[in-house]
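For reference, the chains in residue letters:
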Amino acid sequence: MNRERRQDNRKRQARGELRIAQILDAAAECFGEVGFASTSTNAIAATAGISPGSLYQFFANKDDIARALAKRYIRLLEAAHGEAFADEVAKLPLSDMLDRIVDPIVAFNLAHPGFQALLADPGVPSQVSEAKKPLHAVMLTRIDAIFGVRAPELAPDKRRRGAEVAVGIFAALLRMVLAAGPAERPALVAELKRAVGGYLGPLVGEGAV
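Residues numbered from 1 in each chain as written. Predicted model: local features only at pLDDT ≥ 70, side-chain atom pairs only at ≥ 80, totals over all residues. Heavy atoms only, no water.

A. How the structure looks around the UniProt feature "DNA-binding region" (unreviewed entry) in the protein chain. UniProt marks residues 40-59 with the feature "DNA-binding region" (unreviewed entry), using the numbering shown here. Structurally, residues 40-59 comprises 65% helix and 0% strand, and the distance from its first C-alpha atom to its last is 13 Å. (UniProt positions renumbered as here; feature names shortened; annotations may be inferred. Helix = DSSP H or I, 4+ residues; strand = E, 2+ residues; numbered from the N terminus.)

Right, dumping it as structure tokens:
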């Protein structure tokens, strides 16, 4: 009897996790299409193919959904960061290093249009918009570490400032890349790398370490 009960509990848990994933997928689609403010829980439920009542079994409101979706994005982006900032990347020629850093992060944002829409929307709950800050800090720390490998003579304050400027250039041009159509996008990605590389070259060198 206990074994059967445990099996039933596992099945219910699996069904619940599947339904939550279904709701978050639908929310990501809606946020990506019309933004957080213009999305309703009814629209999310309809996109998920469930009733609003079923949605409310798992989430109290749209803010709860946004928080859960933000956590999912953070986990996925951390994985993309891990690929982009692997230890060996720092020792590559600058152009190759930029390919390894820029391409996975651009690909992540293109694959998840709801990410920028959700975290950049001024109408999202403060807890959601704050969720991106730890990732920003991690990115700065990882770029600072790359600078330490490539240009160990740089003072810590110059490394940190350089990391902040590089991230600022990247973030500004990333918005242009994401807004562009597929035909124009590769050229803009190349310009993004050229802009960031033009700033980093004099700071950390062009060649392999």
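The structure having been displayed, the exposition proceeds.
B. Just the environment of Val 204, in detail. Structurally, Val 204 is set in helix H10 (residues 185-204). Judged by its relative accessible area of 6%, Val 204 is buried. A sequence separation of 43 residues divides Val 204 from Arg 161, and the C-alpha atoms of the two residues are 13 Å apart. Among residues more than four places away in sequence, those in contact with Val 204 are Leu 94, Phe 147, Arg 150 and Ala 151. (Buried < 20%, exposed > 50% of the residue type's maximum accessible area, 1.4 Å probe, protein only. Contact = heavy atoms within 4.5 Å.)

C. Up close: the UniProt feature "domain: HTH tetR-type" (unreviewed entry) in the protein chain. Those places that UniProt annotates as "domain: HTH tetR-type" (unreviewed entry) correspond, in this numbering, to residues 17-77. Here residues 17-77 is 77% helix and 0% strand, with 21 Å between the C-alpha atoms at its ends.

D. Highlighting the pattern of salt bridges. This model, assessed by the stated rule, comprises eight salt bridges. In this structure, the salt-bridge partner of Lys 193 is Asp 99, at a minimum N-O distance of 2.8 Å. Taken together, the residues span a long stretch of sequence, with Lys 193 in helix H10 and Asp 99 in helix H5 (residues 94-111) at a distance of 94 residues. Taking relative accessible area as the criterion, Lys 193 reaches 16% and is therefore assigned buried. Given the relative accessible area of 31%, Asp 99 is considered partly exposed. Between Asp 144 and Arg 159 there is a salt bridge; the shortest N-O distance is 3.5 Å. On the criterion of sequence distance, the pair formed by Asp 144 in helix H8 (residues 132-150) and Arg 159 in helix H9 (residues 156-179) is long-range, its members being 15 residues apart. Given a relative accessible area of 16%, Asp 144 falls into the buried group. On the basis of relative accessible area, Arg 159 is assigned to the buried category, the value being 17%. (Salt bridge = Lys/Arg side-chain N within 4 Å of Asp/Glu carboxyl O.)

E. Main features of the environment of Asp 96. Counting through the fold element by element, Asp 96 comes out in helix H5. Sequence separation between Asp 96 and Ala 208 is 112 residues; the distance between their C-alpha atoms is 9.1 Å.

F. Main features of the side chain of His 81. Turning to its location among the elements, His 81 is positioned in helix H4 (residues 62-84). His 81 gets classed as buried once you look at its relative accessible area, which sits at 2%. Those residues in contact with His 81, other than ones at most four positions away along the chain, are Ile 105, Leu 135, Met 139 and Arg 142.

G. Layout of the environment of Val 124. You can see Val 124 is positioned in the loop between helix H6 (113-120) and helix H7 (126-130). Of the residues examined, Val 124 reaches a relative accessible area of 9% and is grouped as buried. Remark: the alpha-carbon pair of Val 124 and Ile 146, spanning 22 residues in sequence, is separated by 33 Å. Not counting the four nearest positions on each side in its chain, Val 124 is found in contact with Phe 36, Leu 118 and Ser 129.

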